Structure formats: C-alpha cells, structure tokens
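An overview of the molecular structure
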Amino acid sequence: MARAREGRAGLPKIASMRSGRWVPLRAMSGQSVRTRFAPSPTGRLHMGNVRTALFNFLAARAGGGDFLIRSEDTDSSRSEERWLIEAMSELAWLGMDWDEGPDRGGARGPYRQSERAEIYARALDRLKSAGAAYPCFRTEEELADHRRAQIAAGRPPRYDREWARLDGDEVRRREAAGHAPVWRFSVPSGRTLAWQDLLRGPQQVSSDEIADFILVRSDGSPGFMFGNALDDALMGISHVLRGEDHTSNTPRQLMILEALGLEAPRYGHLSLVVSPEGQPLSKRAGSEGLADLRGEGYLASAVANYLARLGHGLDGDDPLDMRGLAAGFDVGRLSTSPARFDHEQLDHWQHKAVMAAQDSELAEWAGDGLAPVPASDRADFLELVRPNVQRPEELAFWARCLYGSDRIEPSAGNREVLEVAGPAFFSAAAAQAGGGLDAIATGVREATGAKGRALFLPLRVALTGQGDGPELRPMLALMPEAKVRERFERWSGAADDPGPANHRE
Ligand code: GLU
C-alpha cells in the first residue's frame, strides 16, 4: 500500500487514504498534532484501551506533537482515583509519556473532568442561550413507559421532544418537589451531518435519525457526549483515535461543537480488539490487563511492539523502541477489521525483546533467579540462555541448572535416553569432564561408537535433564567442571546414587 511518507515539508508522515485521497494527520488550523487518551477510571484498562492509548501517543509523537491524558471521571458512583493512578502507571511502564495530565497539570487543565464543573456550566449556558439545550423533567420510568407504549403501538421507540415537554405548572410542581431536570441537546431536524473518518473515509447521517440526547445529568455532571466533545475542543485536540463503539457518538459531538462555535477534532474509529475466541474485551469481563502481562514476565518492549502491530501495518520484524514505533506509525495503515489478541504473536515479540534487552534489564527481570550465577559469568550466561528464555522463571531455571546444587532430574521421556546410552557412555564422558565438548565427544565416541544425536542428546539430558536448551559447547564451557563430572557420573554406574526418594538419614 502506498503511503504519504514523502508528505509536504513540516507535515507528519501520517495520512489516511480511505477516502481515495490523502488526509494528512495535521490539525485543521495549522497547529501541531495534539492527541489524548481519555480513560473513564471505572476499572482496569484492557488491552483494547491500552492499544488506543498507544496509537494516540504514537500519532502525536510521529507528528512531533503533544499527547495528554484526561480522566473522564464524571460518573462519581463508578469512578475511582485508584484506577486512574493504575492506568497512568501502566502506560508509563509500557514506555509512554505525556505532556499534560492529571498528575502533572498543563496549560489546558484541569485534566480531571470532575474538576471542570464551571467550564461545563458556562458551556451549557451558551447552549441554553443559543436555544440548543433545554431541560427535560421526565423521569426514567416515564421514558421507559413511553418507549413501551410506542412499541405496543407498533412504532419504533424513540425519544419524543413534544411528548417530553411538560407544561409550566407541571415543571414548577416537579421543581418544588425537588426534581432536577436533565439538559438535552435540541437536535435540529433535516440536517445532513457529514464528516471524514480518519480510517473509514466519508461518513454521513441524517439528524432526523438522532434523538435529543443528554448533555448534563440531573446531578449537574456532564454526560459523556458533552464533556468529552467540549474538552477535546478546549484542550486543542487535533485528532481522536478511539474505538468504533464510539462511531455513533461522533455526529452528536459534532453538533454540540458546532452549536458552541468550537473546532472539532478529526475522529478515527479503530476496530475493536477481541479475545482469541472473537469475543469483545471489556474492562469488567476480567480480561488480561498490562499488570497481568507484566506479572507473567512480559517485557514492556514486547507488549509495545505487539500492540503497535495489532491492527496496524508496520514494516520489518525487528523490535523498535517508542521512537521507532512512532516513526513507523501511519493512520493509513490502521485496519478496520477486528484485531484478535493473540498470545502466540505476543510471545514472538517477547522472544525478540529478550534477545534485544540489555544485560542489566534481564538481570532486573530475573531478580533473585540469577543468584546462583557467579558475577564473573553473568554476561556469558545471559548470552548463552537468552534464546531459550521467555520468562524470568526460565532464566532462573537455567541458572540453577548450570550452577545450582539441586539434583537434576530428567524431564518426561528423557530418563530412557540416559538408559539407552548406558553406563559406559557416561563413564567415558565423566573421564573427560574438564576437557570441554570436543574432548567429551571424542571420549564417548571412542568408548561406545555413539555419534550424532545418540551422542549429543544423552550428554544434554544428563547435564540439564532437558531434551533441548542452550547450546551445548558454550554451556559446558561455563559449567563448573566438578558439576559436569558429577552429572555424568550419576549415570555411569560408578556414583553412589541414592535417588530422591530414598536418601540416607
Ligand atoms: N472516556 C471514553 C472511553 O473511555 C473516551 C472515548 C473517547 O476516546 O472519545 O471510552
């Protein structure tokens, strides 16, 4: 697919080509790209949320622009500060940073919607004076009854402005009884609302299909549609990449901003990330979050490289740092089909991340697991085992295996390998224990005639208990000679081998 890599000087290399022409990812009035991640802190982020955050971050960085975090915490019954704190620490762990946000402020703050009440009140006043907002005193029960009546009459259930309007006496009666209204947007009739989706190209919808929606709840807090659109405009957001479940909100938000005379961002609606079984992920369905992946030993760079390619084309198969991921980010290569979260692919990136990690990173990752390895051997040990480890426990396993004092038991099916090789094989191997692989192999070959796999596999199993693992030659060079001898002697018939179950008292 062609891409607008060559974009005009000063413009980011990002573009969308769904509409048949390039739409450079740049702000409308020539200001730089500004994106945001706007979580509602009502639970843990799932991988779809994290990917959305990452794409917005990469879009900003690719365009040399700013990225900010805004907490959409107006639903006070469900929002909790701890979820916001967790979300920010997870994104930081992944390697993202932000220029403005609840934790660091910025020129367009506050960045928690719960602290922006005055801003919403002023904007609502402007909508009221423009005749674009009106109070609605109908209760939820009345609305539900009305919907049921419409269905019973064979009509599509719809919010009906004329029906909802109460006469002045009734309004006063409800006010006196302490009922506060919700404020609804008065959707103009007969309008065609058209916009360009950054991924999906031209979109349009008739305003007649949109019922008057809630701007402000009866407790005075802004509904999602209002707070989100207003804050994007006031915070100078140029582009919004968000889940396709928000597509139907876009025309509503465009109308709000138009009525306020504010510039709308450009919206791009991402395909959803689905579970391996194709089910939608959700914060509440207990889907894996970043903290889980981190706990399982995934490196941040593996997760970032995987997510940056989940539903997004990125050339090359080398792991990239955030700068590289940003340089390759291209809105024109975002896919509109569902993206399946696939652990095999994640493991592929984990392998690459382990191969590329600094020794110090791996040492931190392994924690105590590296303790059996003498300091002077650490660099060689890490080089040796890197290709064979995906998890810190595996690194710890090889550290114990090469240097630890535990007895090594052959893994399932491998005891037979040792029995077939037989005692003569291992006495010959033990006799050459200090000589490295060549001396050991020559000794065994001369004594038993074994060669190829029949020579090397039993050596490996006696040393490690495993049928595969790090390369034999450098592994033997690192292992203490006494340990090599002891492991061979155990199977030579010469050693005193009590076995694990009947050790002497
Ligand atoms: N708070 C909204 C959400 O978490 C943000 C949607 C948007 O990005 O516009 O879904």
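Look above for the structure.
Residues numbered from 1 in each chain as written. Predicted model: local features only at pLDDT ≥ 70, side-chain atom pairs only at ≥ 80, totals over all residues. Heavy atoms only, no water.

Glancing now at the overall build of the chain. Secondary structure assignment for the chain yields 20 helices and 13 strands. Against the 2.2 N^0.38 benchmark of 23 Å for 505 residues, the chain shows a C-alpha radius of gyration of 32 Å, more extended than a compact globule. A principal-axis box enclosing the C-alpha atoms of the chain has dimensions of 105 × 60 × 45 Å. A burial count over the chain gives 49% of its 505 residues as buried. Taking the intrachain contacts of the chain between residues at least 6 apart in sequence as the baseline, contacts between residues at least 24 apart amount to 73%. Accessible surface, the chain as shown: approximately 23,600 Å² in total, 49% of it carbon and sulfur. When the 63 basic and 72 acidic side-chain charges of the chain are each reduced to a single mean position, those positions are 5 Å apart. (Helix = DSSP H or I, 4+ residues; strand = E, 2+ residues; numbered from the N terminus. Rg over C-alpha atoms; globule rule 2.2 N^0.38 Å. Buried < 20%, exposed > 50% of the residue type's maximum accessible area, 1.4 Å probe, protein only. Contact = heavy atoms within 4.5 Å. Areas by Shrake-Rupley, 256 points an atom, 1.4 Å probe, with all protein chains shown as cover. Lys, Arg positive; Asp, Glu negative; His and termini not counted. Charge placed at Lys NZ, Arg CZ, Asp CG, Glu CD.)

The full count for this structure, using the stated rule, is 35 salt bridges. A salt bridge links Arg104 to Asp103; the nearest nitrogen and oxygen atoms lie 2.8 Å apart. In this structure Arg104 comes out as partly exposed when scored by relative accessible area, which is 44%. A relative accessible area of 41% places Asp103 in the partly exposed class. In this structure, Glu142 and Arg174 form a salt bridge, with 2.6 Å as the shortest nitrogen-oxygen distance. (Salt bridge = Lys/Arg side-chain N within 4 Å of Asp/Glu carboxyl O.)

Glancing now at the environment of His343. When you line up the elements, His343 lands in helix 12 (residues 343-356). On the basis of relative accessible area, His343 is assigned to the partly exposed category, the value being 28%. Sequence-distant contacts of His343, defined by excluding residues within four places in its chain, comprise Glu288, Leu293, Glu296 and Tyr298.

Sheet topology note: the strand 7 (residues 192-197)/strand 8 (residues 201-206) ladder contains six bridges and is antiparallel. Looking across to strand 8, one finds that Thr192 is bridged to Ser206. In this structure, the hairpin formed by strand 7 and strand 8 is closed by a connection of three residues. (Pairing = 2+ DSSP bridges.)

The next point concerns helix 2 (residues 81-94). With 14 residues, helix 2 ought to run about 20 Å at 1.5 Å a step, and its terminal C-alpha atoms sit 20 Å apart, in line with that. What helix 2 keeps buried is the set Trp83, Leu84, Ala87, Met88, Glu90, Leu91, Trp93 and Leu94. Contacts from the buried residues of helix 2 go to strand 3 (34-37), helix 1 (47-62), strand 4 (66-69), helix 9 (290-295), helix 10 (300-307) and helix 11 (322-327). Directly after helix 2, the chain includes Gly95, whose backbone phi takes a positive value near 110°. (Expected span 1.5 Å × (residues − 1).)

Looking at the ligand, the residues that line it are Arg36, Ala38, Ser40, Glu72, Phe224, Asn228, Arg242 and His246. One of the side-chain nitrogen or oxygen atoms of Asn228 is found 3.1 Å away from an oxygen atom of the ligand. Contact distances for the ligand include 2.9 Å between an oxygen atom and a side-chain N or O atom of His246. For the ligand, the accessible surface in isolation is 290 Å², of which the surrounding protein chains cover 82%. Considering only residue class, the shell around the ligand consists of two nonpolar, three polar and three charged. (Near = heavy atom within 4 Å. Polar contact = N/O pair within 3.5 Å; in protein donor to acceptor, adjacent residues only side chain to side chain. Nonpolar A, V, L, I, M, F, W, Y, C, P; charged D, E, K, R; others polar.)

A volume near 280 Å³ is recorded for the second largest pocket. Around the second largest pocket sit 15 residues that line it, and Ser301, Asn305, Leu320, Asp321 and Glu361 are the ones nearest its centre. For the lining of the second largest pocket, the element with the highest residue contribution is helix 10, accounting for four residues. Residues belonging to the lining of the second largest pocket are distributed by class as follows: eleven nonpolar, two polar and two charged. (1 Å grid on protein atoms, 1.4 Å probe; cavity = no way out; pocket = protein on both sides within 12 Å on 5 of 7 lines; lining within 4 Å. Points joined across faces, edges and corners; volume = space filled by probe spheres on them.)

Let's shift gears to the packing of helix 3 (residues 117-129) against helix 7 (residues 224-234). Two elements in contact, helix 3 and helix 7, have axes separated by 11 Å at closest approach and are oriented at 100°. If you check the angle between helix 3 and helix 7, you find them roughly perpendicular. Every residue of helix 7 that contacts helix 3 at Ile119, Tyr120, Ala123, Leu124 and Leu127 is listed here: Phe226, Gly227, Leu230, Asp231 and Leu234. Of the residues in the contact of helix 3 with helix 7, the class split is eight nonpolar, one polar and one charged. (Axes fitted to C-alpha atoms, helices over the stretch in contact; angles between N-to-C directions. Parallel < 35°, antiparallel > 145°, perpendicular 65-115°, else oblique.)

Before going further, it helps to examine the side chain of Ser238. Residue placement: Ser238 occurs in the loop between helix 7 and strand 10 (239-243). Ser238 gets classed as buried once you look at its relative accessible area, which sits at 5%. Here His239 takes part through its side chain, which lies 2.7 Å from a polar atom of the side chain of Ser238.

Right, let's talk about the nonpolar core for a bit. One finds Leu94, Val303, Leu307, Phe381 and Phe488 to be the most contacted residues of the largest nonpolar core, which totals 97 residues. Counting residues per element, this core draws most heavily on helix 1, which supplies nine residues. Dropping the residues within four chain positions of it, Leu307 is found in contact with Met47, Val50, Arg51, Leu54, Phe55, Leu94 and Phe341. Tyr120, Trp183, Phe185 and Ile256 belong to the second largest nonpolar core, which has 21 residues in total. (Core = buried A, V, L, I, M, F, W, Y, C linked by side-chain atoms within 4.5 Å.)

We now examine helix 3. Note: α-helices contain 3.6 residues per turn, so residues at a spacing of three or four share the same orientation. For helix 3, with 13 residues, the first-to-last C-alpha span of 18 Å sits near the 18 Å given by 1.5 Å per residue. In the core, the buried residues of helix 3 are packed alongside strand 5 (133-136), strand 6 (182-185), strand 9 (214-216), helix 7 and helix 8 (249-260). Looking one or two places after helix 3, you find Gly131, whose phi comes out positive at around 75°.

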